[in-house]
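# Fold and contact review
These are the residues of each chain, in order.
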Amino acid sequence: MLEDSLKILERINQAGYSAYLVGGFVRDYFLGIESNDIDICTNAKPKELLEIFENAKIPKEDYGAVTIYYKNVRYEITTFRKEVRYRDCRHPEEIIYINSLEEDLIRRDFTINTLCMDSAGNIIDLFQGEDDLEHKIIKTVGNSYQKFSEDALRILRAVRFAAKLHFSLDSEVIEAIKDTKHLLKNISYQRKKEELDKIFTCSNIKYGIELLLGLGLENDLEIPNLSKITYTDSLVGIWAVLDSFQYPFTNNEKKLITSIQEALIHDNLDPYYLYLNGLYVNSVAASIKGISNNVVAETYARLPIHNRGDLKVHTNDLVKAFNRKPGPYLKGVYERLERDVLYERVQNEQKTLIQYCMDNYQEV
Ligand code: ATP
Ligand code: MG
């Protein structure tokens, strides 16, 4: 991957422009972490990049980033820029293309994200990024207060990088976050959730939450339940505990979260609820409560039925037994049968079930 990336830099160089690998890829390269997301910065303008790479695309024209795919890997190429006047703490109001790598790096968030590599594999480290990587510390490029005031999302990015890499936050960063955290309200829930999801799914989630709480971000993020979080592998499980529906979820996620919240109230080893809500939802709820997944899976496997089709009785048998035309009453009969079979009040065996229905459900 590194070789291919350097080839791409070379192609830009051959067209007469400078180009560098930058950001996550170089940072992760230093840390020995495999990274699939490759950022390149260059003084070539988007139009010029489109001439160099025939398959290049501009997905977000506003931001002037050009994307190319080479051997199924995505490269995001951005022209050196200055971002000026942050009116809403969200997006730069204006992007000015510039010719200087250093100036492009100045607008970036953290020193560890400013490391660059040229096409010959040389490292360019203008802001002591390597030093901070070695000392495992998150420092901003320049004044922290200004960085977080310009774009408050950087607060969550700081926590995300600290959690993911197990780094500490520089004391100036901590103070500046405390002074600017109220600006998080200006950031869209979508962007905040993307960062929070990365914190909640990293292996150091515990440290990530500690940082969020230590910085007192729960109110600014409007997540009062943050301190109640229990560590589970399931991201929807975490959001079920957080109960913060102002953040965006797909309809499917919303349904799952609501089911997990319901399952949290019930006994997850109760055969009937296990059957109704299914293995996944109950396993997540159980893991939040500290019940082992194996116990839930074994109890589920032992259930006498797993869906209505497993009941050893047909509609025809019931219609005959009741001597009644089929109607909505059958739904009620099936629901009771499921419950009674699951609680082992009756054996799932055809004749036994028919007799049981006649004895117990005649009046349904
Ligand atoms: P990863 O890809 O592992 O999430 P990354 O550091 O590459 O981490 P990206 O979001 O891909 O992060 O951004 C690429 C680079 O662009 C960053 O390394 C950083 O230099 C810069 N950058 C991204 N977002 C911001 C921001 N909000 N403010 C300042 N610089 C940013
Ligand atoms: Mg990246």
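See the structure above.
Let me begin by describing the structure that accompanies this report. Computed from a predicted structure; not experimentally measured.

What follows deals with the coordination of the magnesium ion (ligand 2). Of the protein atoms, only D37 (OD) and D39 (OD) coordinate the magnesium ion (ligand 2), at distances of 1.9 to 2.5 Å. Note on D39: relative accessible area 21%, which makes it partly exposed.

This model, assessed by the stated rule, comprises twelve aromatic pairs. Both rings, one in F245 and one in F249, keep their centres 6.0 Å apart while their planes meet at 70°; by these two values the pair is edge-to-face. According to the relative accessible area criterion, F245 is partly exposed, its value standing at 36%. Positioned above the aromatic ring of F161, the side-chain terminus of R160 is 4.5 Å from the ring centre. Note that R324 overlies the ring of Y329, its terminal NZ or CZ placed 3.8 Å from the centroid.

Around ligand 1, a shell composed of 15 residues is seen, among which R27, D37, D151, R154 and R160 lie nearest. At a separation of 2.9 Å, an oxygen atom of ligand 1 approaches a polar side-chain atom of D37. At 3.3 Å from an oxygen atom of ligand 1 is found a main-chain nitrogen or oxygen belonging to N113. Listed by contribution, the elements that provide at least two residues to the shell around ligand 1 are α2 (24–31) and α7 (153–165). Among the elements that make up the shell around ligand 1, the one with the highest residue count is α7 (five residues). Considering only residue class, the shell around ligand 1 consists of one nonpolar, three polar and eleven charged. Of the residues that make up the shell around ligand 1, three or more belong to each of domain 1 (1–135) and domain 2 (136–229).

Taken as a whole and assessed by the stated rule, the structure comprises zero disulfides. For the unlinked cysteine C41, the closest cysteine sulfur is that of C116, found at 4.7 Å.

With that out of the way, let us pick up the pattern of salt bridges. When the charged atoms of two side chains with opposite charge come close together, those side chains can pair. Under the counting rule described, the total for this entry stands at 21 salt bridges. Linking D340 and R339 is a salt bridge whose minimum nitrogen-to-oxygen distance equals 3.3 Å.

What follows is about the packing of helix α15 (residues 315–322) against helix α17 (residues 350–360). One can describe the packing of α15 onto α17 by two numbers: an axis separation of 10 Å at closest approach and a directional angle of 40°. Classified by the angle their axes make, α15 and α17 are oblique. You can see that α15 and α17 cross each other, and the crossing is right-handed. Between α15, through D317, L318, A321 and F322, and α17, the contact on the second element is made entirely by Q350, I354, C357 and M358. Each residue belonging to the contact of α15 with α17 can be placed in one class, and the counts come to six nonpolar, one polar and one charged.

Reading guide: rules and limits
Residues numbered from 1 in each chain as written. Chains lettered and ligands numbered in written order. Predicted model: local features only at pLDDT ≥ 70, side-chain atom pairs only at ≥ 80, totals over all residues. Heavy atoms only, no water. Donors = N, O, S within 2.8 Å, 3.2 Å for Na, K, Ca; no water. Buried < 20%, exposed > 50% of the residue type's maximum accessible area, 1.4 Å probe, protein only. Phe/Tyr/Trp six-rings, centres within 6.5 Å; stacked < 30°, edge-to-face > 60°. Lys NZ or Arg CZ within 6 Å of the ring centre and 35° of its normal. Near = heavy atom within 4 Å. Polar contact = N/O pair within 3.5 Å; in protein donor to acceptor, adjacent residues only side chain to side chain. Helix = DSSP H or I, 4+ residues; strand = E, 2+ residues; numbered from the N terminus. Nonpolar A, V, L, I, M, F, W, Y, C, P; charged D, E, K, R; others polar. Domains from an automatic or database assignment. Disulfide = S-S within 2.5 Å. Salt bridge = Lys/Arg side-chain N within 4 Å of Asp/Glu carboxyl O. Axes fitted to C-alpha atoms, helices over the stretch in contact; angles between N-to-C directions. Parallel < 35°, antiparallel > 145°, perpendicular 65-115°, else oblique. Left-handed = near helix turned anticlockwise from the far one by under 90°. Contact = heavy atoms within 4.5 Å.

None of the figures reported here should be taken as evidence of function without further support.
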